[in-house]
Amino acid sequence: EIYNQFSLGRKMKTFTAILLCACIGLAAANYDWQMIDGHDILDDHAVSFKVAFKPQNMETLENLYWEISNPKSPFFGNHLTNEQIADLISLPAEQIQKVHDYIKATEGEHCAIHTTLALHRDYIFVDTCAAQAKAIFPNLNLAVYQRAN
């Protein structure tokens, strides 16, 4: 099977997560948005963010892409399933579970936390309230933004 021939094996690495976005349905980095000074986020304000995991075996995935896309390759057209891609690039399930457990550990202190694991297990999507997000990430600063025009 093509997946097994190119697999480098899963390396055990410590958890690496990056907070990609803590926003209130807005892309604050967009130049059309500006922060409003003096307006604090209310504790019950809805907040959504993603916790991203560093993808594993990206070189292997790229090699697979080129082999599957090359008409001269014996693997041409043997596309990977979403599950095979997830198995290749995601962290071990135990590490993902540790992050999920950390996020959910504060649930109920302020409001509910809804989490969804992305298709390729490379993100956890989180929907909660501002107070709960601050409980998860104690040094988190949230701000109110408005459209400049």
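Further up the page is the structure itself.
The text that follows walks through the structure, step by step, so that each part is easy to find.

Thresholds, definitions, all that
- Residues numbered from 1 in each chain as written.
- Predicted model: local features only at pLDDT ≥ 70, side-chain atom pairs only at ≥ 80, totals over all residues.
- Heavy atoms only, no water.
- Helix = DSSP H or I, 4+ residues; strand = E, 2+ residues; numbered from the N terminus.
- Buried < 20%, exposed > 50% of the residue type's maximum accessible area, 1.4 Å probe, protein only.
- Contact = heavy atoms within 4.5 Å.
- Areas by Shrake-Rupley, 256 points an atom, 1.4 Å probe, with all protein chains shown as cover.
- Pairing = 2+ DSSP bridges.
- Polar contact = N/O pair within 3.5 Å; in protein donor to acceptor, adjacent residues only side chain to side chain.
- Disulfide = S-S within 2.5 Å.
- Core = buried A, V, L, I, M, F, W, Y, C linked by side-chain atoms within 4.5 Å.
- Phe/Tyr/Trp six-rings, centres within 6.5 Å; stacked < 30°, edge-to-face > 60°.
- Lys NZ or Arg CZ within 6 Å of the ring centre and 35° of its normal.

### Concerning the overall build of the protein
When helices and strands are tallied, the protein shows 5 helices and 6 strands. The 149 residues of the protein split such that 32% are buried. Sequence separation of 24 or more characterises 74% of the internal contacts of the protein that already satisfy a separation of 6 or more. Element-wise, carbon and sulfur atoms account for 54% of the exposed surface of the protein, whose accessible area totals about 9,500 Å².

### Describing the pairing of strand β5 (residues 123–129)
Strand direction decides the pairing type here: strand β3 (residues 46–53) and β5, joined by 7 bridges, are antiparallel. Within β5, the residue paired with F49 across the bridge is V126.

### What about the side chain of S90?
Tracing the backbone through its elements, the reader meets S90 in the loop between α3 (82–89) and α4 (93–104). Here A86 takes part through its backbone oxygen, which lies 2.6 Å from a polar atom of the side chain of S90. Polar contacts involving the side chain of S90 include one to the side chain of R121, which spans 3.5 Å.

### Observations concerning the state of the cysteines
Enumeration according to the criterion identifies 1 disulfide in this entry. A sulfur-sulfur distance of 2.1 Å marks the disulfide that ties C111 to C129. The S-S bond linking C111 to C129 shows a torsion near -105 degrees; that makes this disulfide left-handed. Remark: C129 occurs in strand β5 and C111 occurs in the loop between α4 and β4 (114–117); sequence separation between them is 18 residues. C111 gets classed as partly exposed once you look at its relative accessible area, which sits at 22%.

### Some remarks on the nonpolar core
Of all hydrophobic cores here, the largest spans 17 residues; its most connected members are F49, I103 and I124. It is β3 that contributes the most residues to this core, 4 residues altogether. Formed by 6 residues, the second largest nonpolar core is a distinct cluster that contains L64, I68, I85 and I89.

### Some words on the packing of aromatic side chains
Taken as a whole and assessed by the stated rule, the structure comprises 3 aromatic pairs. Across from the ring centre of Y123, 4.8 Å away, lies the NZ or CZ of K50, which sits over that ring. Residue placement shows R147 over the ring face of W33; its charged tip is 5.9 Å from the ring centre.

### As for the environment of I136
Residue placement: I136 occurs in helix α5 (residues 130–136). According to the relative accessible area criterion, I136 is buried, its value standing at 1%. Separated by 33 residues in sequence, I136 and I103 have C-alpha atoms that sit 6.0 Å apart. What I136 contacts, discounting residues up to four positions off in sequence, is F49, Y102, I103, T106 and I113.

### Things to note about the side chain of R121
Along the chain, the position of R121 falls in the loop between β4 and β5. A distance of 3.5 Å separates a polar atom in the side chain of R121 from the backbone oxygen of A86. Discounting residues that sit within four places of it in the chain, R121 has contacts with F53, E83, A86, D87, S90 and I96.

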